[in-house]
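Per-entry structural report
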Amino acid sequence: TPGRFTGKTAVVTGAGSGIGRATAVRLAQEGARVVATDVVAERLDSLAAELADADVTTVVADVSDEDGVAAVVDAAGGRVDCLANVAGIMDKFLTAHEIDDATWERVMAVNVTAVMRLTRAVLPLMLGAGAGSIVTVGSEAGLRGSSAGVAYTTSKHAVVGFTKSCSVLYAPKGIRVNLVAPGAVRTNIEAPMASQFAAERLGPLMQVVIPPIAEPEHLAAAITWLLSDDSANVTGAILPSDGGWSAL
Ligand code: NAD
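Turning next to the overall build of the protein. When you go through the protein residue by residue, the secondary structure sums to eight helices and seven strands. For 248 residues, the compact-globule formula gives about 18 Å, and the C-alpha radius of gyration of the protein, at 17 Å, lands near that figure. Across its three principal directions, the C-alpha atoms of the protein cover 50 × 40 × 35 Å. Within the protein, buried positions represent 50% of all 248 residues.

Further remarks concern the packing of helix α3 (residues 66-76) against helix α4 (residues 101-129). Look at α3 against α4: their axes get within 9 Å of each other, and the N-to-C directions meet at 35°. In this structure, the crossing between α3 and α4 has a hand that is right-handed. For the pair formed by α3 and α4, the contact residues are Glu66, Val69, Val72 and Val73 on the first element and Arg117, Leu118, Arg120, Ala121, Val122 and Leu125 on the second. Split by residue class, the contact of α3 with α4 holds seven nonpolar, no polar and three charged.

A few words now on the site of the ligand. The immediate surroundings of the ligand are formed by 30 residues, with Ser17, Asp38, Tyr152, Val185 and Thr187 found nearest. One of the side-chain N or O atoms of Asp62 is found 2.8 Å from a nitrogen atom in the ligand. Here the ligand, which alone exposes 830 Å², has 95% of that area covered by the protein. If you map the ligand onto the pockets, it falls in the largest pocket. Listing elements by their share of the shell around the ligand, those giving two or more residues are α1 (18-29), α4 and α5 (150-170). Of the residues belonging to the shell around the ligand, the class tally is 16 nonpolar, nine polar and five charged.

What follows concerns the pairing of strand β2 (residues 33-38). Most of β2 sits inside the fold, with five of its six residues counted as buried. In terms of handedness, the path from strand β1 (residues 9-13) via α1 over to β2 forms a crossover that is right-handed. Direction of pairing for β2 relative to strand β3 (residues 56-60): parallel, over a ladder of five bridges. Across the sheet, the residue bridging to Val34 is Val56, located in β3. Traced from β2 through helix α2 (residues 41-50) to β3, the parallel crossover comes out right-handed.

Looking now at α1. With twelve residues, α1 should cover 16 Å at 1.5 Å per step; its first-to-last C-alpha distance of 17 Å lies within 8% of that length. Here α1 lies mainly inside the structure; ten of its twelve residues are buried. The complete set of buried residues in α1 reads Gly18, Ile19, Gly20, Arg21, Ala22, Thr23, Ala24, Val25, Leu27 and Ala28.

Next up on the list: the layout of surface pockets. Here the largest pocket is characterised by a volume of approximately 830 Å³. As for the largest pocket, its lining consists of 45 residues, and the residues nearest its centre are Val86, Ala87, Gly88, Ile89 and Ile189. Of all the secondary structure elements, the ones that give two or more residues to the lining of the largest pocket are α1, β2, α4, α5 and α6 (194-202). Residue contributions to the lining of the largest pocket peak at three residues, all from α1.

A probe matching the size of a water molecule, rolled over the atoms, marks out where space remains unfilled. If you walk through the whole model with that rule in mind, you get one cavity of 30 Å³ or more. What lines the largest cavity is Thr13, Val63, Asn85, Val86, Ala87, Val110, Ala114 and Val115. Per element, the largest residue contribution to the lining of the largest cavity is three residues, and it comes from α4. Tallied by class, the residues present in the lining of the largest cavity amount to six nonpolar, two polar and no charged.

All right, on to the pairing of strand β4 (residues 82-85) then. In summary, the side chains of a regular strand alternate between the two faces of the sheet. Burial along β4 is two-sided: the face carrying Cys82 and Ala84 and the face carrying Leu83 and Asn85 are both buried. Pairing of β1 with β4 involves three bridges; the strand directions are parallel. In the strand pairing of β4, Val11 is matched with Leu83. Between β4 and its parallel partner strand β5 (residues 132-137), the chain crosses via α4, and the hand of that crossover is right-handed.

Rules and cut-offs
- Residues numbered from 1 in each chain as written.
- Predicted model: local features only at pLDDT ≥ 70, side-chain atom pairs only at ≥ 80, totals over all residues.
- Heavy atoms only, no water.
- Helix = DSSP H or I, 4+ residues; strand = E, 2+ residues; numbered from the N terminus.
- Rg over C-alpha atoms; globule rule 2.2 N^0.38 Å.
- Buried < 20%, exposed > 50% of the residue type's maximum accessible area, 1.4 Å probe, protein only.
- Axes fitted to C-alpha atoms, helices over the stretch in contact; angles between N-to-C directions.
- Left-handed = near helix turned anticlockwise from the far one by under 90°.
- Contact = heavy atoms within 4.5 Å.
- Nonpolar A, V, L, I, M, F, W, Y, C, P; charged D, E, K, R; others polar.
- Near = heavy atom within 4 Å.
- Polar contact = N/O pair within 3.5 Å; in protein donor to acceptor, adjacent residues only side chain to side chain.
- Areas by Shrake-Rupley, 256 points an atom, 1.4 Å probe, with all protein chains shown as cover.
- 1 Å grid on protein atoms, 1.4 Å probe; cavity = no way out; pocket = protein on both sides within 12 Å on 5 of 7 lines; lining within 4 Å.
- Sits in = over half its atoms within 2 Å of the grid points.
- Right-handed = clockwise from strand over helix to strand, strands pointing away.
- Pairing = 2+ DSSP bridges.
- Expected span 1.5 Å × (residues − 1).
- Points joined across faces, edges and corners; volume = space filled by probe spheres on them.

Dropping the structure here:
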């Protein structure tokens, strides 16, 4: 039976681990040709082994630089129907008087600039096709000030603005742009420490109100819904998938 992504090419960043990996797996299972990219080669090898029967191309690349972006777009071979900007890094929970330039610049490069660079590179293909769906993974830290350090929180607020701008300006061209904001998810990022950290910094109330840690597959379900035609009438959405944290 054809899946939601049969005949479509999907690019996924951060596909070696966690949410990106679960998204790549779900897309492949539902029929997509997947271009999976990550900076860590062994993680992509393990993904390719798991998806041996699917149509998966892996690209070891750093999507925060133009060479990496070019390698990913080359591998897509002139067609990108879906783009999932998932790669992201944390900021060691440093606050504004503690933050160092190197941490700030790297977090902004990976969490914000890479999203812009890859989106900029695939948009001409989507404009040519008159269709496309882009989903960026933000964070609870893009909705509030209490779930990470200052660089990560700033970066995740930035991609909310990027998503809103693109959604408005590309809607007339048939291209949808949305964002999924996860709460804590069981991955290789140090985010699950966030509730403990927040409790230490902000007091025990924080530990009480944060919902349980989710699995990457919960996020892949939301991301693939927004990438698919099931969400044809949805653009510019900032969709929390956080067990209700954002409603508190
Ligand atoms: P993860 O560390 O398990 O996976 C992220 C992957 O991205 C890694 O394999 C890493 O090698 C890759 N990556 C990092 N920098 C890259 C770069 N420059 N180019 C290409 N690949 C790169 O983490 P995750 O939790 O799955 O994170 C995915 C996204 O979800 C991130 O944007 C993160 O900020 C966001 N997020 C995660 C949580 C959580 O609790 N895990 C919560 C909110 C938001």
